Amino acid sequence: MSTSDDRSTLSRRLFFQRAGVVAAATALIPHPARASAATDAASYRLENGYVRLSGAYGKLTELACDPAGTGRYQPTAFRSVFLGESDFFDAGHNGDVSWTTEGTTLRLSGIQLPSPANLRQEQHNAPVALPSGGTLGQTFVATAHRFTRVGGQFPTWNSSSSTMTLTLYAGTPDTGLTEVGRQVVDPLQDNGWAYVEVTPQPAGTYYLEASDGSGSPGWWAYSGDPSVDVGGAAYSDRARLSGRTMTIDVVGFDVDGITSWDLSLDGPRLTMSHELRWQDDPRADLGMTLNTSWVKDGFSVDYADGVLFSRFIGDDGYYIPAQQLKRRDAWTNPVLGTKWVGATGTGPYDLRFTAPRPVLGGTMTDDSMKLSLHTGSTEPAQVVSRSVTLDVQAHTEALPDAFPAFLASDQVRAAQLSTFYWERALSFRFSGHAADWADWEGRILDWTGTVGAAEQSASLLNTKQDDDGYVWSWTDSQGWPFPDPELYDSRHFTSNAMYILGAWRYFSWTGDSAFLSTMLPRVRRAMDFYLDSLGGSSGVVTIDSPDHDARDGAVPSNYWDITSHGYLDAYANAYFYGALKAMAQLEDFVGNKDRAKQLNALRPTVRARYNELFWNDTAGRYVQSIDVDGVVHDYGATYVNLEAASFGLPTTEQADRIFDWLDNGHTELQDSVVLIEGGSQAPKIEPGRTMGQSFTADAPFTSVAARFPTYGERGAAFTMTLYRGLPGTAQQDKVAEQEFSDWGDGGVAHIELPSQAPGVYYLEVSDVTGSLAWWSSTTAVPGAAAYTDGEPDTAARSRFVVALGEHYEGPADIYSTWVFAPRATTRRNSYWFFLNNLNTPWGHQVQDGGAILYTSGFDVLARARYRSADDAWARLTAILDRWSEPDHISGGTPLFRGESTVDSGTGSTSVGTDIPFPESGLAPASFLYAFVGVEAEPDGLVITPNLPSSLSHVGVRNLYWHGKRLELTVTRDRITLRGGGVRTSRPYRPGKSVRLSSKVLSR
């Protein structure tokens, strides 16, 4: 569920890191620049009231700003600014940089862009003791441009008080020695590396010597020919020591390029231009690095706490909020621009970087954000020239016209909605999304002027399709990336519907006729795949792939990519129903009236079959799937019910029951009576042998399960048998037995049982064919033991076994737990997963009691459709209230209320709210569809206003239709649309739609 933009991997980088730029030159009236004192000749300084910068050795170590130009500079914006990716800007690497000032320009020349060039021999198998009063040494040939320290690895044979002296000489004991530097190592760490630091030394032959030892120091060496040739020999008491090469590490650098850097001030503008000449082969520009202050932990994004920028934006629609970066190590996606990218300040100024095709990314530490800025072409060149202007601007929250904004009589809520939208809709990569996102991203972006809208076309046009009409699930794979497409049929069968809906939506908003002419044959084949290959012409799509039989452990068939949806899949069939309408509209638009009528005529049959097959009248909701054996799988999937309702599938009565369940229903929980998790061992079960595990149940249980790896193979078969009592005892009785076949790696096999009384039980696996193992551990578990061939196993003490009790009623917390969205499911799912979920607690997996924000978009849409505008508005404002808390429902773990995210690193993923969930933008975008009520169709706009009683008007600014930038406002009785040469105002009746044809909108 995640992706990233290709431009994030450019070799050019602009980092603003631990340096600041201190310089002195101008005021409001230019005057000659002042050089630093002669005792600090490496330092330079420039300022003019708007910008103050200073630095040394080819970088800036301060860059501070005052948007008013009065010289009252705010806290340093960037602690360091330098060219390239790494900070080599000190006396050792760039001591020869020269600088001059002329008017308001600072010119730096002779800046070296080094790269590490180390010589390290770390193989060792023969330690050599340092003789008392004697020496050990190693000569080597340094080939790097310069090196700055040399060391070796030294044993002390467990002594903690050993000392010695390391001395570096130029030359060899045979040709003569000149001391370069020395270091007393006290104490010497056993088997540690110790170094002597030196001023930068040129290439040549050198000798590192250990002497003056006390205690029991030695030097690790290698007996034989090491893989690294250091170009020298080992010595003892300055006599050659045959058959040994000492460990040695020479830390140096080469110079890859030489650059000049001009920095010019003109009012609030700083222009930074550099010319980089590569020494060897042509390369791309490395860009710049800028380092600003940051606070990684907590939730504050305040100026006073050291977070200087609230968001980063691109001129054509990219947006990264500071809240999303909190408690994370790196930006997941860059901010791109056509001409500029900007940083909105938390204080009195904003910054804008202007250059061709800028790309801004970053990484974070506890107190620092390292920004990288790439610009221009990525093509290698011998000489690379770049110019970036940095403009200091008075702070504003305004954004370019590419960014849409929601309107409402409640201006606070409108502002919240707009910001919520920007944060979720525009902070993810736009191009190359997988097919499962095609309709969702269209709903979020197609109506905007952002680059994201334009990228939808490329994503759809580049999506591959098989000859039978199946649309590939992933950008470069027929199936989902997991499970292994080589072993399993990992296709997602919602991809065709998403593809059709995405194409219909994109064309309806843009009117791109070239796009439609290319896509129309493809979406026809996509629909035929449903109608013919999957039997959709009967009214229901049936997924006939054996891997998608929807049994426990089956391969997932849709976006919910670890849950065993398949065969008769309610989720896929809901999208099939929606795709029929979209396809019919496209056919009607191109004049294929008969086909349009055929597709529209099928929709009532699909709806009737859907409600017949998938409605659970007892629970008052739709189920998830019906498997190939006719077994119904229903874990209270809120997403199935809300998305089905958004398409209009339930009757009014069914919808009432769905929302009664959501608003008032209780969760259904299940506890483990026995949970033996096993460990890192996975012994194979050989043919003809048995393997087992005993356990003690202290309470009744209704199922027993175990987890079996196959070492990446498929096809294993086995029998699993549960006994009451232990092997070899007269009291052992068989309780149940079940055969399993075509087993997949890591799957969980379980046996459903009548309620079993507490007691001692034994689970055994026998009749194994193929590759099958059992997760096991050497850790003993009270009341349990591992067995092989009916005897206690001496190599393992326990194996993975679970016994579960009955489901029972939990709290009425479907919404109250996560607030921003309902629980994804409301009934504990222990077995209906492709992956193991048994030892993941309830609510710690987004697909089992957790929550994903996108579902709230469909929640608002469904409530507006079936309940009322007030009911839908109440849900949306509750989401906004949660969003208004300090984390903005984003960032790394933990979120403000303790929620764990996908990058938590703890194994718990309770929620999906931002990265890597681009579909989260559906939540704020629902305002457009549920209340403003606008939808594009191939022949125009259809507007069905639905105002909550608390709002007198709603609307949207920067709405793009067919390339026209529009503003749409809806009051209680009138629709007004203007912009792009369009100006129309129409009355409407509540609950009725107003259709504005393409002819009307094109006048």
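All values reported here derive from a predicted model rather than from experimental measurement.

1. Here's the deal with the overall build of the chain
And then number 1: Each helix and strand in the chain was counted, giving 15 helices and 57 strands.
And then number 2: Across its three principal axes, the chain shows a C-alpha extent of roughly 95 × 90 × 50 Å.
And then number 3: Relative to its full complement of 1003 residues, the chain shows a buried share of 60%.
And then number 4: Pairs at least 24 residues apart make up 71% of the contacts formed inside the chain by residues separated by at least 6 positions.
And then number 5: Carbon and sulfur atoms make up 47% of the accessible area of the chain, which totals about 36,800 Å².
And then number 6: Considering the chain, the positive charge centre built from 81 side chains and the negative charge centre built from 116 side chains are found 8 Å apart.

2. So, the packing of helix α4 (residues 438-445) against helix α14 (residues 922-932)
And then number 1: Running from N to C, α4 and α14 point in directions that differ by 60°, and their axes come no closer than 9 Å. Classified by the angle between their axes, α4 and α14 sit oblique to one another. For the pair α4 and α14, the sense of crossing is left-handed. On the side of α4, the interface is formed by Trp440, Gly442, Arg443 and Ile444, while α14 contributes Leu922, Ala925 and Tyr929.
And then number 2: Broken down by class, the residue content of the contact of α4 with α14 amounts to 5 nonpolar, 1 polar and 1 charged.

3. Quick notes on the nonpolar core
And then number 1: Counting 209 residues, the largest nonpolar core has Phe78, Trp261, Phe312, Tyr421, Trp440, Tyr854 and Phe927 as the members making the most contacts within it.
And then number 2: Sort the elements by how many residues they give to this core and helix α8 (residues 570-589) lands first, with 12 residues.
And then number 3: Residues in contact with Phe927, not counting those within four places in the same chain, are Phe406, Leu407, Ala408, Leu417, Trp873, Leu876, Val932, Val954 and Gly955.
And then number 4: With 36 residues, the next largest nonpolar core counts Val704, Tyr761, Val765 and Val768 among its residues.

4. A word on helix α13 (residues 869-883)
And then number 1: Between its first and last C-alpha, α13 extends 21 Å over 15 residues, near the 21 Å set by a 1.5 Å rise per residue.
And then number 2: Along α13, the residues classified as buried are Ala869, Ala872, Trp873, Arg875, Leu876, Thr877, Ile879, Leu880, Arg882 and Trp883.
And then number 3: Buried residues along α13 sit against α3 (411-425), α12 (854-866) and α14.

5. Focus on the pairing of strand β26 (residues 359-364)
And then number 1: By the criterion of burial, β26 is predominantly enclosed, with 5 of the 6 residues buried.
And then number 2: In this structure, strand β23 (residues 335-336) lies alongside β26, joined through 2 bridges in antiparallel fashion. Bridged to Leu336 within β26 is Val359.
And then number 3: One ladder, built from 6 bridges, connects β26 with strand β27 (residues 368-374); its direction is antiparallel. The residue of β27 that forms the bridge with Thr363 is Lys370.
And then number 4: Hairpin connection, β26 to β27: the antiparallel pair is bridged by 3 residues.

6. Focus: unusual backbone geometry
A negative phi angle is the norm for most residues apart from glycine, just as the trans form is the norm for most peptide bonds.
And then number 1: Note that the residue after Asp186, namely Pro187, is joined by a cis bond; omega there is 0°.
And then number 2: Cis peptide bonds are those with omega within 30 degrees of zero, and the linkage from Phe482 to Pro483 qualifies with -5°.
And then number 3: Examined against the element boundaries, Pro483 turns out to sit in the loop between α5 (451-462) and α6 (495-510).
And then number 4: You will see that His888, though not glycine, has its phi angle at about 55°, which is positive.
And then number 5: In this fold, His888 is placed in the loop between α13 and β50 (911-912).
And then number 6: Take His888: its relative accessible area is 13%, and that puts it in the buried class.

7. Re the sheet that holds strand β14 (residues 218-222)
And then number 1: The sheet built from 3 strands is open, its strands ordered β9-β14-β17 with antiparallel pairing. The two strands at the open ends of the sheet, each matched to only one other strand, are β9 (126-129) and β17 (245-246).
And then number 2: Where β9 meets β14, 4 bridges bridge the pair, whose relative direction is antiparallel. Residue pairing for β14: Ala129 is matched across the bridge by Gly218.

8. What about the confidence of the model for the chain?
And then number 1: Confidence along the chain averages 93 in pLDDT terms, with 96% of residues attaining 70 or more.
And then number 2: Every residue in residues 1-39 scores below 50 in pLDDT, and together they form 182 contacts with partners more than four places removed in sequence or on other chains.

9. Topic: the packing of aromatic side chains
And then number 1: As enumerated under the stated definition, the model contains 58 aromatic pairs in all.
And then number 2: Ring geometry for Phe140 and Tyr206: centres 5.9 Å apart, planes at 20°, overall stacked. Here Phe140, found in strand β10 (residues 136-154), pairs with Tyr206, found in strand β13 (residues 192-214); they are 66 residues apart in sequence, far enough to count as distant.
And then number 3: Where Trp560 meets Tyr639, the ring centres are 3.7 Å apart and the plane angle is 10°; that geometry is what we call stacked. A residue pair is termed long-range when its members are at least 10 positions apart, and Trp560 in the loop between α7 (513-533) and β30 (568-569) and Tyr639 in helix α10 (residues 638-646) qualify at 79 residues. Residues Trp560 and Tyr639 agree in their burial class; the two are buried.
And then number 4: The ring of Trp193 carries Arg120 above its face, with NZ or CZ at 4.1 Å from the centroid.
And then number 5: Its guanidinium or amino end placed over the ring of Trp774, Arg799 lies 5.9 Å from that ring's centre, counting from NZ or CZ.

10. Quick look at the environment of Val628
And then number 1: Along the chain, Val628 falls in the loop between β33 (625-626) and β34 (632-633).
And then number 2: According to the relative accessible area criterion, Val628 is partly exposed, its value standing at 37%.
And then number 3: Remark: the alpha-carbon pair of Val628 and Ser98, spanning 530 residues in sequence, is separated by 77 Å.
And then number 4: Discounting chain neighbours no more than four positions away, the residues touching Val628 are Asp549, Arg551 and Tyr567.

11. Observations regarding the side chain of Asp489
And then number 1: Turning to its location among the elements, Asp489 is positioned in the loop between α5 and α6.
And then number 2: There is a polar contact of 2.9 Å between the side chain of Asp489 and the side chain of Arg491.
And then number 3: Among residues more than four places away in sequence, those in contact with Asp489 are Ser545, Asp547, His548 and Val555.

12. Looking at the packing of helix α11 (residues 652-664) against α12
And then number 1: The interhelical angle for the contact between α11 and α12, taken along N-to-C directions, is 135°, at an axis separation of 11 Å. On the basis of the axis angle, α11 is oblique to α12. The handedness of the crossing between α11 and α12 is left-handed. Along its contact with α11, which presents Thr652, Ala655, Phe659, Leu662 and Asp663, the element α12 presents Asp859, Ala862, Arg863 and Tyr866.
And then number 2: By residue class, the composition of the contact of α11 with α12 is 5 nonpolar, 1 polar and 3 charged.

13. Here's the deal with the sheet that holds β30
And then number 1: The strand order β30-β33-β34 describes an open sheet built from 3 strands, whose pairing is antiparallel. Only two strands of the sheet have a single neighbouring strand rather than two, namely β30 and β34.
And then number 2: As judged from the 2 bridges shared by β33 and β34, these two strands associate in the antiparallel manner. Note on β34: the bridge partner recorded for Ile626 is Val632.

14. Here we look at the environment of Pro155
And then number 1: By the secondary structure assignment, Pro155 is in the loop between β10 and β11 (163-172).
And then number 2: When its relative accessible area of 3% is taken as the criterion, Pro155 is described as buried.
And then number 3: Remark: the alpha-carbon pair of Pro155 and Asp569, spanning 414 residues in sequence, is separated by 65 Å.
And then number 4: Not counting chain neighbours up to four residues away, the residues in contact with Pro155 comprise Pro127, Leu188, Asp190, Asn191, Ser216, Pro217, Gly218, Trp219 and Trp220.

15. Thoughts on the pairing of strand β53 (residues 954-961)
And then number 1: Taken across its 8 residues, β53 has 7 buried, putting it largely inside the fold.
And then number 2: Where strand β29 (residues 405-408) and β53 come together, 4 bridges link them in antiparallel fashion. In the strand pairing of β53, Phe406 is matched with Val956.
And then number 3: Examined bridge by bridge, β53 and strand β54 (residues 964-970) share 7 bridges and lie antiparallel to one another. Bridge pairing links Leu959 to Leu966 in β54.

16. Observations regarding the pattern of salt bridges
And then number 1: A full pass over the atoms with the stated rule returns 55 salt bridges.
And then number 2: Ionic pairing is found between Asp549 and Arg551, a salt bridge with its closest N-O pair at 3.0 Å.
And then number 3: For Arg551, a relative accessible area of 35% puts it in the partly exposed group.
And then number 4: A salt bridge links Arg828 to Asp848; the nearest nitrogen and oxygen atoms lie 2.6 Å apart. Taken as a pair, Arg828 in the loop between β48 (808-809) and β49 (851-852) and Asp848 in the loop between β48 and β49 lie far apart in primary sequence, 20 residues in all.
And then number 5: Relative accessible area serves as the criterion here: at 6%, Arg828 is assigned to the buried category.
And then number 6: When salt bridges with common partners are traced through the structure, they connect Asp656, Asp663, Asp859, Arg863, Arg867 and Asp871 into a single cluster.

Thresholds, definitions, all that
- Residues numbered from 1 in each chain as written.
- Predicted model: local features only at pLDDT ≥ 70, side-chain atom pairs only at ≥ 80, totals over all residues.
- Heavy atoms only, no water.
- Helix = DSSP H or I, 4+ residues; strand = E, 2+ residues; numbered from the N terminus.
- Buried < 20%, exposed > 50% of the residue type's maximum accessible area, 1.4 Å probe, protein only.
- Contact = heavy atoms within 4.5 Å.
- Areas by Shrake-Rupley, 256 points an atom, 1.4 Å probe, with all protein chains shown as cover.
- Lys, Arg positive; Asp, Glu negative; His and termini not counted.
- Charge placed at Lys NZ, Arg CZ, Asp CG, Glu CD.
- Axes fitted to C-alpha atoms, helices over the stretch in contact; angles between N-to-C directions.
- Parallel < 35°, antiparallel > 145°, perpendicular 65-115°, else oblique.
- Left-handed = near helix turned anticlockwise from the far one by under 90°.
- Nonpolar A, V, L, I, M, F, W, Y, C, P; charged D, E, K, R; others polar.
- Core = buried A, V, L, I, M, F, W, Y, C linked by side-chain atoms within 4.5 Å.
- Expected span 1.5 Å × (residues − 1).
- Pairing = 2+ DSSP bridges.
- pLDDT = per-residue confidence, 0-100.
- Phe/Tyr/Trp six-rings, centres within 6.5 Å; stacked < 30°, edge-to-face > 60°.
- Lys NZ or Arg CZ within 6 Å of the ring centre and 35° of its normal.
- Polar contact = N/O pair within 3.5 Å; in protein donor to acceptor, adjacent residues only side chain to side chain.
- Salt bridge = Lys/Arg side-chain N within 4 Å of Asp/Glu carboxyl O.

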